[in-house]
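# Descriptive analysis of the structure
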Amino acid sequence: MSIGNRVLKRQRQVDASVVEAFAALPVAVVSDSMSRVFAGGSNLRPMHREGALAGVALTVRTRPGDNLMLHKAIDMAEPGDVIVCDAGGDTTNALMGELMLAYAVKKGVAGFVLNGALRDLDGFRETNLPTFAAGVTHRGPYKNGPGEINTPISLGGMVIEPGDLIIGDSDGMLCVPYNDAETVLKAAQAKQAAEEKQMAAIHAGENDRSWVDAALTSTGCEFE
């Protein structure tokens, strides 16, 4: 099989129950539970109106401005898939527009992450399918290839493998590796519970702020 021009089958994927559990958690909480060192890049911004993204990664690698493999990925997609496309971050040409969006919705695709541009922004906002992209342009794509489907890709240094968990909200998107999903879920749920408890203490006027002075003192900070 020719590297750089191949379509593979996904070999494993996170369970639907795991996807559902992560969908209830803020991305920032999950990110904190992964030591705050993983991110797909702050340039990938929501193009839909509102709502969270959660689903199973179907990965695409394509050359900038070409969407032939992205078309094939939508054909292959299963309900609940998030199609994650690395097009090098180039925004000269759009990777998709409202026609591909409508087809993806019909297929049950859970959302898109495009390291590239899209067009027909109004259609994305109206449809409100969770979609993250690096930009918007009216210039359309080419359909010549090459590319790859269901091979590891990287967005902003964050590696994404087929079947990994993809989540996103207004703070950005994040990949949770397949092998770590259960562990991260438990940590994120515990952190969310702790933050809810802290928020309640703030509203009640009972928030303990002693940690601030303690942290400053540990740095050698002097006070008057």
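Quick look at the structure, then. Values in this document were obtained by computation on a predicted structure and should not be read as measured data. (Residues numbered from 1 in each chain as written. Predicted model: local features only at pLDDT ≥ 70, side-chain atom pairs only at ≥ 80, totals over all residues. Heavy atoms only, no water.)

Right, let's get into the environment of Ile202. With respect to the secondary-structure elements, Ile202 resides in helix α6 (residues 181–203). On the basis of relative accessibility, which here comes to 41%, the residue Ile202 falls in the partly exposed class. (Helix = DSSP H or I, 4+ residues; strand = E, 2+ residues; numbered from the N terminus. Buried < 20%, exposed > 50% of the residue type's maximum accessible area, 1.4 Å probe, protein only.)

Here the focus is the packing of helix α3 (residues 68–76) against helix α4 (residues 98–107). It is at 9 Å that the axes of α3 and α4 come closest, and there the two elements cross at 20°. With respect to α4, the axis of α3 lies roughly parallel. Between α3 and α4 lies a crossing of left-handed hand. Across from Leu70, His71, Ile74 and Asp75 in α3, the residues of α4 making contact are Met100, Tyr103, Ala104 and Lys107. Classifying every residue of the contact of α3 with α4 gives five nonpolar, one polar and two charged. (Axes fitted to C-alpha atoms, helices over the stretch in contact; angles between N-to-C directions. Parallel < 35°, antiparallel > 145°, perpendicular 65-115°, else oblique. Left-handed = near helix turned anticlockwise from the far one by under 90°. Contact = heavy atoms within 4.5 Å. Nonpolar A, V, L, I, M, F, W, Y, C, P; charged D, E, K, R; others polar.)

This paragraph deals with the packing of helix α1 (residues 16–23) against α6. Where α1 contacts α6, the axes come no closer than 11 Å and their chain directions differ by 30°. Put simply, α1 runs roughly parallel to α6. Two packed elements cross with a definite hand, and for α1 against α6 that hand is left-handed. Here Val18, Ala21 and Phe22 of α1 lie close against α6, whose contacting residues are Ala181, Glu182, Val184, Leu185 and Gln189. Its residues placed into classes, the contact of α1 with α6 shows six nonpolar, one polar and one charged.

Our next topic: unusual backbone geometry. Geometrically, the link from Gly145 to Pro146 is a cis peptide bond, its omega value of -5° lying close to zero. One can find Pro146 in the loop between β6 (131–136) and β7 (147–149). The residue Ser35 is not glycine, and still its phi comes out positive at about 70°. Mapped onto the elements, Ser35 comes out in the loop between α2 (27–32) and β2 (45–46).

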